[in-house]
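# Residue-level structural notes
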Amino acid sequence: MVDLGTDLGFLRLRNPVLTASGTFGYGTEFEPFLDLSLLGGIVVKGLYYGPREGNPPPRLVETASGLINAIGLQGVGVERFAAEVMPRLRGIDTAVIVNVCGSDPDEYYRVIEFLNGVEGLAAYELNISCPNVKMHGACPAMDPRTTREIVAGAKQRSRRPLLAKLSPNVTDITGIARAAEDGGADGISLINTLLAMAVDLDTRRPKLGNILGGLSGPAIKPVALRMTWQATRAVKIPVIGMGGIMTGRDALEFMLVGAAAVQVGTASFIDPGASARIVREIEAECAARGIDRVSDFVGTLETGR
Ligand SMILES: Cc1cc2nc3c(=O)[nH]c(=O)nc-3n(C[C@H](O)[C@H](O)[C@H](O)COP(=O)(O)O)c2cc1C
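Attention here is on the structure that accompanies the text.

## Focus on the nonpolar core
Grouped burial of nonpolar side chains is what soluble globular proteins tend to show. Membership of the largest hydrophobic core comes to 95 residues, with the highest contact counts inside it found for Tyr124, Leu126, Ala164, Leu166, Ile188 and Val262. For this core, the leading source of residues is helix α8 (residues 274-288), giving 6 residues. Aside from chain neighbours lying at most four places away, what touches Leu126 is Val100, Tyr108, Val151, Ala154, Leu162, Leu163, Ala164 and Lys165.

As structure tokens, then:
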């Protein structure tokens, strides 16, 4: 038996596998496909304060080894989430983390202040990394000072542990990771999607209603792995790695470079039971290598220098 227990310091998880925001609905949609209590946790779809319809269709395009999405953070808003979604999620024995969105700093804070009063949440994940087309694909996590300020403001108001979700669309992830740590983040999640686009040669039109979108899936795994490695070396707080994880082996690669836990995103579109399968595969891969505790494997990469 392999001990999959994962201690993030601020939160203990049954195992290191969480579902990535926006790829697993509010969790309960996946109940027909897997037992949610087998997961380390669920990160629910990003929530703004009010309901949002998201972007015009088409909102998803498949690419070589990837997916470009421009959903535009469609969501029910905090009030319906508290009234309709949380009563069902409270019955599930897994950590529930809310991905917090805002169109300005004040909205992030209002979402957190509202959710502070909602029972049964384990942590918040501050989504400062969603490519915003109105800002030409920019997001707060592209700038260290903005990152530090929003994280600090959110941390000050938060009654729960706070993760900062970072963007890969930056030149130097280490400076942004340090800014999130300086702002008081308890942990970092990365990466969000890579800014991307797809066009139709015949119609000469963009394939997405929104023109730009975010690339995810196996195509981004090497970039995600590199940024996870860099971030874990730059900060002392735990890093949750994601980007193209499809198997237990992929998940262990992120842990090898230093991720304390992982999130599974696009894989759930191909196989809705992927996250639970990945838990089983991590266990089998550890057993095959004689690793008794998965946490012992974290950050054991040997670079030879
Ligand atoms: C359809 C879709 C919707 C997403 N929505 C969100 C979101 O609401 N908030 C967020 O922080 N990330 C969102 N993401 C990004 C994922 O959580 C994850 O960071 C990214 O997809 C990389 O992981 P993956 O390659 O395993 O999918 C979304 C991704 C996809 C594909």
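## A closer look at the site of the ligand
As a structural note, the neighbourhood of the ligand is formed by 26 residues, with Ala20, Gly22, Gly46, Ser216 and Gly265 the closest of them. Of all the secondary-structure elements, those providing two or more residues to the shell around the ligand are β4 (41-47) and β6 (66-69). A class-by-class count of the residues in the shell around the ligand yields 9 nonpolar, 15 polar and 2 charged.

## Considerations on the pairing of strand β10 (residues 187-190)
Burial along β10 is two-sided: the face carrying Gly187 and Ser189 and the face carrying Ile188 and Leu190 are both buried. Bridging between strand β9 (residues 162-165) and β10 involves 3 bridges; their strand directions are parallel. Along β10, the bridge assignment pairs Ala164 with Ile188. Regarding topology, helix α4 (residues 173-182) serves as the crossover connection from β9 to the parallel β10, and that connection is right-handed. As defined by bridge partners, β10 adjoins strand β15 (residues 239-241) across 3 bridges and the pair is classed as parallel.

## Some remarks on the packing of helix α2 (residues 105-116) against helix α3 (residues 144-157)
Put simply, α2 and α3 touch, their axes get as near as 9 Å, and they point 25° apart. Classified by the angle between their axes, α2 and α3 sit roughly parallel to one another. Both α2 and α3 take part in a crossing whose hand is right-handed. Contact residues: α2 offers Pro105, Tyr108, Tyr109, Ile112 and Glu113, while α3 offers Ile150, Gly153, Ala154 and Arg157. Considered class by class, the residues forming the contact of α2 with α3 number 6 nonpolar, 1 polar and 2 charged.

## A few points about the pairing of β6
Neither face of β6 is left uncovered, since the one carrying Gly66 and Ile68 and the one carrying Leu67 and Asn69 both have all their residues buried. Here 4 bridges tie strand β5 (residues 60-63) to β6, and the two strands are oriented antiparallel to one another. Paired with Val61 across the bridge in β6 is Ile68. The antiparallel hairpin formed by β5 and β6 contains 2 residues in its connecting segment, where Ser65 sits at a positive phi of about 55°. With 3 bridges connecting them, β6 and strand β14 (residues 212-216) associate as antiparallel partners. From the neighbouring strand, Leu67 faces β14, where its bridge partner is Ser216.

## Some points on the sheet that holds β10
What holds strands together in a sheet is hydrogen bonding between their backbones, with the strands either parallel or antiparallel. Pairing is parallel in the closed barrel, where 8 strands are placed in the order β3-β4-β7-β8-β9-β10-β15-β16. Strand after strand, the sheet turns through a mean of 25° between neighbouring axes, direction not considered.

## Considerations on the sheet that holds strand β11 (residues 194-197)
One open sheet accounts for 4 strands, arranged β5-β6-β14-β11; its pairing is antiparallel. Edge positions in the open sheet fall to β5 and β11, since each of these has one partner strand only. Averaged over neighbouring strand pairs, the angle between their axes works out to 40° when direction is ignored.

## Thoughts on helix α6 (residues 248-256)
In terms of burial, α6 is largely enclosed, as 7 of its 9 residues are buried. For α6, every residue scored as buried is listed here: Gly248, Asp250, Ala251, Leu252, Glu253, Phe254 and Met255. The elements touched by buried residues of α6 are β3 (17-19), α5 (221-234), β15, β16 (261-264) and α8. Just downstream of α6, Gly258 is the residue with a positive phi angle, here 125°.

## Digging into unusual backbone geometry
A negative phi angle characterises most non-glycine residues, just as the trans form characterises most peptide bonds. In this chain, Pro57 is followed by Pro58 through a cis amide linkage whose omega measures -10°. With respect to the element layout, Pro58 can be found in the loop between β4 and β5. Of note in this structure, Leu73 is not a glycine but carries a positive phi near 55°. One can find Leu73 in the loop between β6 and α1 (77-89). A positive phi angle, near 70°, is found at Ile211, a position not held by glycine. Note that Ile211 resides in the loop between β13 (205-206) and β14.

## So, the environment of Leu212
Mapped onto the elements of the fold, Leu212 is located in strand β14. Leu212 sits 88 residues away from Tyr124 along the chain, and the two C-alpha atoms are 27 Å apart.

Calculation criteria
Residues numbered from 1 in each chain as written. Predicted model: local features only at pLDDT ≥ 70, side-chain atom pairs only at ≥ 80, totals over all residues. Core = buried A, V, L, I, M, F, W, Y, C linked by C-beta atoms within 7 Å. Buried ≥ 20, exposed ≤ 12 C-beta atoms within 10 Å, placed from the backbone. Helix = DSSP H or I, 4+ residues; strand = E, 2+ residues; numbered from the N terminus. Contact = placed C-beta atoms within 7 Å. Near = placed C-beta within 6 Å. Nonpolar A, V, L, I, M, F, W, Y, C, P; charged D, E, K, R; others polar. Pairing = 2+ DSSP bridges. Right-handed = clockwise from strand over helix to strand, strands pointing away. Axes fitted to C-alpha atoms, helices over the stretch in contact; angles between N-to-C directions. Parallel < 35°, antiparallel > 145°, perpendicular 65-115°, else oblique. Left-handed = near helix turned anticlockwise from the far one by under 90°.

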